[in-house]
Amino acid sequence: MHGRLKVKTTEEQQEAKRKEREKKLLLYNGATKKLFQKRKDGELDQDMLSISGEVLGANPDFYTLWNMRREVYTHFLENKSTEDMKALFKSELSFLEHCLRVNPKSYGTWQQRCWVMDHMPEPDWKRDLVLCNKFLEMDERNFHCWDYRRFVVKRSQVPPEDEFEFTNQKITTNFSNYSSWHYRSKLMPHIYPDETHPVGVQEDVLLKEFELVQNAFFTDPGDQSAWFYHRWLLGRRERPLTIDTLYINKAFQKLVIVFSKSTKNPSIKLVVDEREISVELEPVPTNTDHSQLWICDLASIAFQSPSRIDVTIGDSSRFVILGKDEKEGWYQLRQEVKLGNLFSLELSAATTSVLEQELDSCQQLHDLEPDNKWAMLTILSLMRALDPIKYEQQTLEFIDKLKIEDPYRSNYYLDLRSKFLIENAIEKLTISPDQPDISLDLSNNQLTTLYHQNYMVLLTKLNISNNPVPTLKNCHFLQRLRVLDASSSKIYDCSGLEDLPMLEELDISDNSINSVDDLTALTSCPQLKRLRIQGSPVCNIDGFRETVVELLPDLTHLNGDRVK
């Protein structure tokens, strides 16, 4: 047996590992305790760097220790020469590279490198750009490294054209490089800007991108990177803050404004027949400071019959009267949008031609791979971009297919279906001075949620009956609504109907309302006269009728019967 190595048993190996871990833990805890004591005593010295380096070399994610090292270097910057700091920072950069090899996705390490490069004398930006390339060769989706690369590019003023070419190289090497596609979308508006285009990029450049991305998803139809980039090409930038709809009700002396997006403390200029009027806006709902809907009380302003009302916010264009009704005393103003382009872009002939070719190609790919959900989603996007009304039936058919192929996201597709149907219905609405009553019928559409109430401000009647809609959230936009039919849905209370000044008739029969307390929101609707709630569990409560009448004393009819 002499001369042979003893092979440790499994138990012996586990015991050795346990002792080694305990030894490391003692050293780790001892070093950490010493560092905190030195910090407390104000001992910002080289010893603190050495001890923290031992800990961070094994665990780069101990963020507090990076803060300690920055405190030491900040102290050194005030007390050491430039040459000394060059040497110290150079050593720190080498140490950081070691830590990144331990964990290439350490937040603290990348943040420390940013700090060092920003504070060291004469940083070598080119070297760090090469370093980024090396790390991205190891992991092309390391978003920490991509973020650091953008930091280096910004500090060293690398031309965006060079970075665009870099994304070309990465994508050519691997179409699945999602980070490169994303970076590309951020660079293009700076290299090829076009403020008149909804995406903010020159049209001819975008059309070439469609060809590139098509090559990508035909090469690997199952990879989602190119499909997501394709959706960005079909999208548009965030809309600037403008006024979408303005509605003035003389009878209730209210000015209602719907902005293009939620905003805080908006400031507008209101001119009525060349007379500027000072307005103070309040958000709706009132329990928020950011809102898309703002209301102004005009009780102190004497309105006659204005022939022109101009509203401006910032540099936004003026608005003119689209309709008025002297009997009701309302004036509506709305951005003029071409039919069919309220939710999609107005396309040029060149873009239309390219998108039609894209649609044809994606349909061919769908024929080859009928279960590829990315192809189907892109077909949906292309149909919506080209003509949402024309392709409505095909859109619904593809959503039904997606629910089968991707059952885990069936609820998402149901909501998407609801969104598309509501958008199409709003697109078909006719709003003109000759039509003061504006109705929208969304009944029997299997809607799972309500979208775009911000485009329904001028409605007088809304029918959402026989839809599995569980909530009336965001119905506070319906400031002109007189009649609402929400029967045979899944509504469990009236939240969302607060402060509707014109609501006269409400049908919420055959729903899931269990308590009279669920009707409390209706107490803030001063014109509510007719309420239907039969078929809901609340009607089975003893004294239901008397309790509802006490809660809503202005009702004239309850469940079709006269109250007064």
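Residues numbered from 1 in each chain as written. Predicted model: local features only at pLDDT ≥ 70, side-chain atom pairs only at ≥ 80, totals over all residues. Heavy atoms only, no water.

Further remarks concern the overall build of the chain. Broken down by element type, the chain carries 16 helices and 16 strands. Looking at the chain as a whole, 47% of its 564 residues are labelled buried. Within the chain, contacts between residues at least 6 apart in sequence are counted, and of these 56% link residues at least 24 apart. Put simply, the chain shows about 29300 Å² of open surface, and 48% of that area lies on carbon and sulfur atoms. (Helix = DSSP H or I, 4+ residues; strand = E, 2+ residues; numbered from the N terminus. Buried < 20%, exposed > 50% of the residue type's maximum accessible area, 1.4 Å probe, protein only. Contact = heavy atoms within 4.5 Å. Areas by Shrake-Rupley, 256 points an atom, 1.4 Å probe, with all protein chains shown as cover.)

Let's shift gears to the packing of aromatic side chains. Here the structure, examined in full by the defined rule, presents 19 aromatic pairs. A connected cluster of aromatic rings, assembled from ring pairs, spans Trp110, Trp125, Phe135, Tyr148 and Phe151. Here lysine 80 stacks its cationic end above the ring of phenylalanine 76, 4.9 Å away from the centre of that ring. Here the basic side chain of lysine 373 rests over the ring of tryptophan 374, its NZ or CZ set 4.8 Å away from the ring centre. (Phe/Tyr/Trp six-rings, centres within 6.5 Å; stacked < 30°, edge-to-face > 60°. Lys NZ or Arg CZ within 6 Å of the ring centre and 35° of its normal.)

With that settled, consider helix H10 (residues 203–219). Here H10 is 17 residues long and its end C-alpha atoms lie 25 Å apart, about the 24 Å a rise of 1.5 Å per residue gives. Of the residues making up H10, those classed as buried are Val205, Leu206, Leu207, Glu209, Phe210, Val213, Ala216 and Phe217. Looking at the packing, one finds that the buried side of H10 touches helix H8 (160–173), helix H9 (178–191), helix H11 (224–234) and helix H12 (349–368). (Expected span 1.5 Å × (residues − 1).)

Below, the discussion takes up the nonpolar core. By size, the foremost hydrophobic cluster in this structure holds 85 residues, and its most contacted members are Tyr73 and Tyr148. Element by element, the count of residues in this core is highest for helix H13 (residues 373–386), at ten residues. In this view, tyrosine 148 contacts Trp110, Arg113, Cys114, Met117, Asp128 and Cys132; residues no more than four positions away in its chain are not counted. If you look at the next biggest cluster of nonpolar residues, it comprises 56 residues, including Val256, Phe343, Leu396 and Val548. (Core = buried A, V, L, I, M, F, W, Y, C linked by side-chain atoms within 4.5 Å.)

Bringing the sheet that holds strand E4 (residues 275–277) into the picture now. Within the open sheet, the three strands sit side by side as E4-E3-E7. Their pairing is antiparallel. The open sheet has two free edges, formed respectively by E4 and strand E7 (309–312), since each of these has just one partner strand. Strand after strand, the sheet turns through a mean of 25° between neighbouring axes, direction not considered. Across three bridges, the pairing between strand E3 (residues 269–272) and E4 is antiparallel. Counted as the bridge partner of leucine 270 is isoleucine 277 from E4. (Pairing = 2+ DSSP bridges. Axes fitted to C-alpha atoms, helices over the stretch in contact; angles between N-to-C directions.)

Now for the sheet that holds strand E13 (residues 505–507). Taking strand neighbours across the sheet as the criterion, the seven strands line up as E10-E11-E12-E13-E14-E15-E16 in an open arrangement whose pairing is mixed. Taken across any chain shown, the strands that pair with only one partner, and hence form the sheet edges, are strand E10 (439–441) and strand E16 (561–562). Two elements, strand E11 (residues 461–463) and strand E12 (residues 483–485), share three bridges in a ladder whose sense is parallel. For leucine 462, the partnering residue across the bridge sits in E12 and is leucine 484.

The next thing to look at is the side chain of glutamine 292. Note on placement: glutamine 292 falls in strand E6 (residues 290–297). Looking at glutamine 292, the relative accessible area reads 18%, which means it is buried. Sequence-distant contacts of glutamine 292, that is, excluding residues within four places in its chain, are made with Ile257, Val258, Phe259, Ser260, Lys261, Ser262, Asn454 and Phe477.

Another point: the pairing of strand E1 (residues 243–249). The element E1 is extensively covered by neighbouring structure, given that seven of its seven residues are classed as buried. If you look at the hairpin formed by E1 and strand E2 (residues 254–264), you'll find four residues sitting between the two strands, and glutamine 253 has a positive phi there, around 55°.

Our focus in this paragraph is the environment of leucine 551. Within the secondary structure, leucine 551 sits in helix H16 (residues 544–551). The exposure class assigned to leucine 551 is partly exposed, which follows from its relative accessible area of 26%. When the C-alpha positions of leucine 551 and aspartate 517 are compared, they lie 9.0 Å apart, and in sequence the two are 34 residues distant. Once residues within four sequence positions are removed from consideration, leucine 551 is found in contact with Val516, Leu519, Thr520 and Thr523.

What follows covers unusual backbone geometry. Following valine 284, the chain continues to proline 285 via a peptide bond in cis, the omega torsion being 0°. Along the polypeptide, proline 285 turns up in the loop between strand E5 (282–284) and E6. With a phi angle near 55°, glutamate 122 is a residue other than glycine that sits in the positive phi range. Its location among the elements puts glutamate 122 in the loop between helix H5 (107–119) and helix H6 (125–138).

Where helix H7 (residues 143–156) contacts H8, the two axes come as close as 13 Å, and the packing angle between them is 150°. When the interaxial angle is binned, H7 and H8 end up roughly antiparallel. By crossing handedness, the relation of H7 to H8 is classed as right-handed. Residues Trp146, Arg149 and Val153 of H7 touch H8, and the partners they reach there are Glu163, Phe166 and Lys170. Tallied by class, the residues present in the contact of H7 with H8 amount to three nonpolar, no polar and three charged. (Parallel < 35°, antiparallel > 145°, perpendicular 65-115°, else oblique. Left-handed = near helix turned anticlockwise from the far one by under 90°. Nonpolar A, V, L, I, M, F, W, Y, C, P; charged D, E, K, R; others polar.)

Turning our eyes to something else, we now look at the side chain of serine 487. With respect to the helices and strands, serine 487 occurs in the loop between E12 and E13. For serine 487, the side chain forms a polar contact with the side chain of aspartate 485, separated by 2.8 Å. Excluding anything up to four places from it in sequence, serine 487 contacts Ser465, Asn466, Asp507, Ile508, Ser509 and Asn511. (Polar contact = N/O pair within 3.5 Å; in protein donor to acceptor, adjacent residues only side chain to side chain.)

With that out of the way, let us pick up the pattern of salt bridges. Inspection of every chain in the model, using the stated rule, returns 25 salt bridges. Here arginine 149 ties to glutamate 163 by a salt bridge, and the two come within 2.8 Å at their closest N and O atoms. Taken together, the residues span a long stretch of sequence, with arginine 149 in helix H7 and glutamate 163 in helix H8 at a distance of 14 residues. An identical accessibility class is assigned to arginine 149 and glutamate 163; each is buried. One continuous salt-bridge network, built from bridges that share partners, spans Lys34, Lys38, Glu43, Asp45 and Asp47. (Salt bridge = Lys/Arg side-chain N within 4 Å of Asp/Glu carboxyl O.)

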